[in-house]
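Geometric and topological summary
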Amino acid sequence: GWIEHDAGRLAPARPLPFVASACKEVPQPPSLSPSTYSVLPPPRGAISTMAINGAPPQAEKSYVKDIIAGVTMACVGVPQMIAYSELVGLPGFRGLKTAGPSMIGFGLTTGHVWLSQGVTSVSAVMAKSDLDGDKYAEENGTEAYVQLVCLYSLLVGVASILLALVGAGKIAQNIPKPVSTGFGWGASLSILASQMPDALFARGKSFAKAASAGVLPSLPAFMKGAGGVMRLIWSLINPMLWGPYTVPFAGLTIYVLMKGKEYLPKGLPKGSEVLMVTALFTAVSAHFGYSEYGNVVGEIPKDDGEASMLPFEVRTEFPFDQIMALAPKAALFAIINFSATVSICAAFEKEGMPFNANRELLAQGTSCLVAGVTGSPPVGASLSRSEVQKMLGASSVVSGIVNGLVLVFLLPAAALLADAPKAVLASIVIASVIKKVLMPKPLLNLAGVDAAVGWFTAFAVALCDPTIGIVGGVVLYFALSVFKKSKAD
């Protein structure tokens, strides 16, 4: 039970010694006067259990802290938003242009105080793989690909909501551990392969694709990811083709992001180093005219259509003829994407923050629907951003809504990043996955059948696509489990 003491704050019904003098414990709740004190449940969305160190729970909300947290989150997240948009295969500026509305939609429907969402490296690479992004954009143009991405976001949103309504939120919790472990490594390798050309070559992916065209063998259509992995190897063994100005940008960015935290003031929010290194190298790029030597984000194109009264775009045209082909992939995407949310929430639950799986799945669906209408790829929960939101002292979902609102009205400031080197943005993504690829400890810790399933899933995800990897891994897991059990009998 909870009681309200004279200061108006909530405290345990059996107060600790240092708050005992301020609290009025009442043995008979029915006799309480509402004007003085009352038995209350923990407020919705607030931390309702004792902290690990034994301190009383922080149950009250602080909207001032929430606003500060939301503004800070928006500022430190800008470089990643641009980088992950590039990872999907879309122009970088769209990452900032479309991020806000889906965050607002998520904030209005989630029940979790610390959970933060947006386009993540994993959701980006999954969407691009499922849509065969490079090929589709090359054959149909960038605008047609944007429309396809928006339709996919809508389908993921619909699938998430339908799954939530039938109480399927716990499905994601039951994905076999070796499958999810293998998926993590395979997705990280795919991300590394897609970003490395931009970090090594002055003209990035387009140069790498053209220069390696006559060298790399053709592959079966179902091996979508193998070309990227082979291009990664080709890029690494041809240092004579690396950009002399591009590689220093990339190398310094990776070093600062992986080691620079040791030299920064401990009071700075997590992610500040990303904002600082991006701002520094953007200024250097603008001063020395790096755009003549390598790829930069570039100016945000002006809309040719009629001016809108809204500060964000609203999409009305979608390639509906693609629904049947994309619907199954969207449903699987919704489950896999939500599995990351479950993992994050489970970790926070140990710190006293409970969650409702079906409600968070519904929130994922709502945010993806908003993403589709406003031009964004599918979104999902981000561990790093959620940790930052928790560290900044977020006490309610207001912080996430403020984050989205700031981004909606921040678009004019995106012009400041026009000279940001793409090598820097690619390196931000690389820094987040390179240790996972080079030191796959979770995979190496698997043994026996689990190890076989884990490595199969990992290479299937990296060399084919996430759908084949996940489905194949689950089938193999249950097949080997049945075989092992029958052999034991």
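Look a little higher up for the structure.
Described in the following lines is the structure provided in the data block. Keep in mind it's a predicted model, so treat the numbers as computed, not measured.

Moving on, we come to the overall build of the chain. Counting its regular elements, the chain contains 20 helices and four strands. Here the chain holds 489 residues, and the buried ones make up 49% of them. Within the chain, contacts between residues at least 6 apart in sequence are counted, and of these 80% link residues at least 24 apart. Carbon together with sulfur atoms contributes 65% to the accessible area of the chain, which is approximately 23,200 Å² in total.

Let us now look at a nonpolar patch on the surface. A contiguous nonpolar surface patch, about 480 Å² in accessible area, is contributed by Val158, Leu162, Leu165, Val166 and Leu362. Tallying contributions element by element places helix H7 (residues 142–165) first for the nonpolar patch, with three residues. Within the secondary structure, Val166 is located in the loop between H7 and helix H8 (177–200). We classify Val166 as exposed; its relative accessible area is 64%.

Here we come to the nonpolar core. Counting 108 residues, the largest nonpolar core has Tyr145, Tyr152 and Leu407 as the members making the most contacts within it. Ranked by residues supplied to this core, first place goes to H7 with 14 residues. When sequence neighbours within four positions are dropped, the list of residues in contact with Tyr152 reads Ala127, Asp130, Leu131, Leu326, Lys329, Ala330, Phe333 and Pro378.

Note that Thr253 resides in helix H11 (residues 246–259). Those residues within four positions of Thr253 in sequence are excluded, and the remaining contacts are Val277, Phe281, Val424, Ser427 and Ile428.

The tally for this structure, following the rule as stated, stands at 13 aromatic pairs. Ring centres of Phe201 and Phe207 lie 5.2 Å apart, and the angle between their planes is 55°; this geometry places the pair in the tilted category. Residue classification places Phe201 among the buried positions, given a relative accessible area of 1%. Residue classification places Phe207 among the partly exposed positions, given a relative accessible area of 30%. Both rings, one in Phe249 and one in Phe281, keep their centres 5.4 Å apart while their planes meet at 70°; by these two values the pair is edge-to-face. Taken together, the positions of Phe249 in helix H11 and Phe281 in helix H12 (residues 272–288) put the pair 32 residues apart, joining distant regions of the chain.

Quick notes on the rules
- Residues numbered from 1 in each chain as written.
- Predicted model: local features only at pLDDT ≥ 70, side-chain atom pairs only at ≥ 80, totals over all residues.
- Heavy atoms only, no water.
- Helix = DSSP H or I, 4+ residues; strand = E, 2+ residues; numbered from the N terminus.
- Buried < 20%, exposed > 50% of the residue type's maximum accessible area, 1.4 Å probe, protein only.
- Contact = heavy atoms within 4.5 Å.
- Areas by Shrake-Rupley, 256 points an atom, 1.4 Å probe, with all protein chains shown as cover.
- Patch = residues over 30% accessible without salt bridge, like charges linked within 9 Å, V, L, I, M, F, W, Y side chains within 5 Å.
- Salt bridge = Lys/Arg side-chain N within 4 Å of Asp/Glu carboxyl O.
- Core = buried A, V, L, I, M, F, W, Y, C linked by side-chain atoms within 4.5 Å.
- Phe/Tyr/Trp six-rings, centres within 6.5 Å; stacked < 30°, edge-to-face > 60°.

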